[in-house]
Amino acid sequence: MRNNVPAGLSRKELELYSQLDPERLPKHIAIIMDGNGRWAKRRHLPRIAGHKRGVEAVRDVIQTAARIHIPAVTLYAFSVENWKRRPKTEVSFLMALLRTYLKREVPLMNENNIRMEYIGRQHELPPEVQERMEWARQATAKNTGMIMTLALNYGARTELVDAFESIVRSALNNGGLSHLKIDEALINRHLYTSHLPDPDLVIRTSGEMRLSNFLLWQLAYAEIYVTPTLWPDFDGVHLLSAIEEYQKRERRYGGLGSTAHQLP
Ligand code: IPE
Ligand code: IPE
Ligand code: MG
């Protein structure tokens, strides 16, 4: 029996957790939550019914991640492209759902010692959504456990554009461009994710094999896990299975790996 068995896991979750190496849990998991619309369509329901159920999945996954002490989880909730390419009614529903979610979940965040953060162009969101986001951030700011980051109005290319602008602006304020020395650490400091380590694992639900403009810089060496499970059906058990698969992978970072033969 292991000493530090996390409290609150279901029987199935505990079973999976006991297969894991607690020393090699991912420090940051990024999730592309996809398939809400398909989930609804299969049930002959409107797409918004899928989004509603998607929120329940967020609650379950976040709680399990916090219980097993994952330091950071980042969820792709709304992309800059979603904003432009979906019907206005669906976008307004998602905005309203987000406000309700933030209001309702703060007690649970506090119970689980979770701190809420955001990445994306927050200032382009409706003012009432921005206010609620700020409120939730402040209401959880003192928590010292898991950092939950919501990607809202997020796009990786937009993030790079904003980072380059911010680098130039701060250089101009600090002695001009001739002193500017660009390296990876500098770029990291100007990304929206400066508060986070790079993700070790990225999960995409509902089977699509693409990144859809999510964390392009930060995912450089992340392990990719794609599951056919639609987001509203994804839960803590699925999360633990993804981590189990992650622990079976051999990460090389461009090297030869532990089982590589000596080159002649
Ligand atoms: C993901 O589900 C949620 C958001 C992008 C907001 P989708 O709405 O993309 O669902 P599908 O891909 O149409 O099934
Ligand atoms: C990815 O899902 C974005 C989010 C989960 C917010 P999409 O449904 O927008 O991605 P595509 O359109 O299939 O690439
Ligand atoms: Mg989709």
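Residues numbered from 1 in each chain as written. Chains lettered and ligands numbered in written order. Predicted model: local features only at pLDDT ≥ 70, side-chain atom pairs only at ≥ 80, totals over all residues. Heavy atoms only, no water.

## Let's talk about the nonpolar core
Among soluble globular proteins, nonpolar side chains are generally buried collectively.
Then comes step 1: Core analysis: the biggest nonpolar cluster contains 50 residues, and Ile31 and Met148 have the highest contact counts within it.
Then comes step 2: Considering each element in turn, this core owes the most residues, 9 residues, to helix α5 (residues 88–111).
Then comes step 3: The residues contacting methionine 148, other than those within four sequence positions of it, are Val58, Ile62, Val73, Leu75, Tyr101, Met109, Ile114, Arg115, Met116 and Glu117. (Core = buried A, V, L, I, M, F, W, Y, C linked by side-chain atoms within 4.5 Å. Buried < 20%, exposed > 50% of the residue type's maximum accessible area, 1.4 Å probe, protein only. Helix = DSSP H or I, 4+ residues; strand = E, 2+ residues; numbered from the N terminus. Contact = heavy atoms within 4.5 Å.)

## Things to note about the site of ligand 1
Then comes step 1: Around ligand 1 sit Met33, Asp34, Gly35, Asn36, Gly37, Arg38, Arg47, His51, Ala77, Asn82, Arg86 and Leu94, and those are all the residues in its vicinity.
Then comes step 2: Between aspartate 34 and ligand 1, the recorded distance is 2.9 Å, taken from a side-chain N or O atom to an oxygen atom.
Then comes step 3: Separating an oxygen atom of ligand 1 from a backbone N or O atom of asparagine 36 is a distance of 3.2 Å.
Then comes step 4: Look at ligand 1: alone it shows 380 Å² of surface, and the protein chains cover 86% of it.
Then comes step 5: A per-element tally of the shell around ligand 1 places helix α2 (residues 36–42) first, with 3 residues.
Then comes step 6: Partitioning the shell around ligand 1 into residue classes produces 3 nonpolar, 5 polar and 4 charged. (Near = heavy atom within 4 Å. Polar contact = N/O pair within 3.5 Å; in protein donor to acceptor, adjacent residues only side chain to side chain. Areas by Shrake-Rupley, 256 points an atom, 1.4 Å probe, with all protein chains shown as cover. Nonpolar A, V, L, I, M, F, W, Y, C, P; charged D, E, K, R; others polar.)

## A few points about the packing of helix α3 (residues 47–67) against helix α9 (residues 236–248)
Then comes step 1: Packing of α3 against α9 leaves a shortest axis separation of 8 Å and a crossing angle of 55 degrees. On the basis of the axis angle, α3 is oblique to α9. Two packed elements cross with a definite hand, and for α3 against α9 that hand is right-handed. Taking contact as the criterion, the partners of Asp60, Val61, Thr64 and Ala65 in α3 are, on α9, Gly236, Leu239 and Leu240.
Then comes step 2: A class-by-class count of the residues in the contact of α3 with α9 yields 4 nonpolar, 2 polar and 1 charged. (Axes fitted to C-alpha atoms, helices over the stretch in contact; angles between N-to-C directions. Parallel < 35°, antiparallel > 145°, perpendicular 65-115°, else oblique. Left-handed = near helix turned anticlockwise from the far one by under 90°.)

## Side note on the pattern of salt bridges
Then comes step 1: Counted by the stated rule, this structure contains 19 salt bridges.
Then comes step 2: For arginine 204, the salt bridge identified is with aspartate 34, shortest N-O distance 2.9 Å. Within this pair, whereas arginine 204 is found in strand β5 (residues 201–205), its partner aspartate 34 is found in the loop between β1 (28–32) and α2, the two being separated by 170 residues in sequence. Here arginine 204 and aspartate 34 have matching classes, each one buried.
Then comes step 3: The salt bridge involving arginine 104 is made with glutamate 105; its shortest N-O contact spans 3.5 Å. (Salt bridge = Lys/Arg side-chain N within 4 Å of Asp/Glu carboxyl O.)

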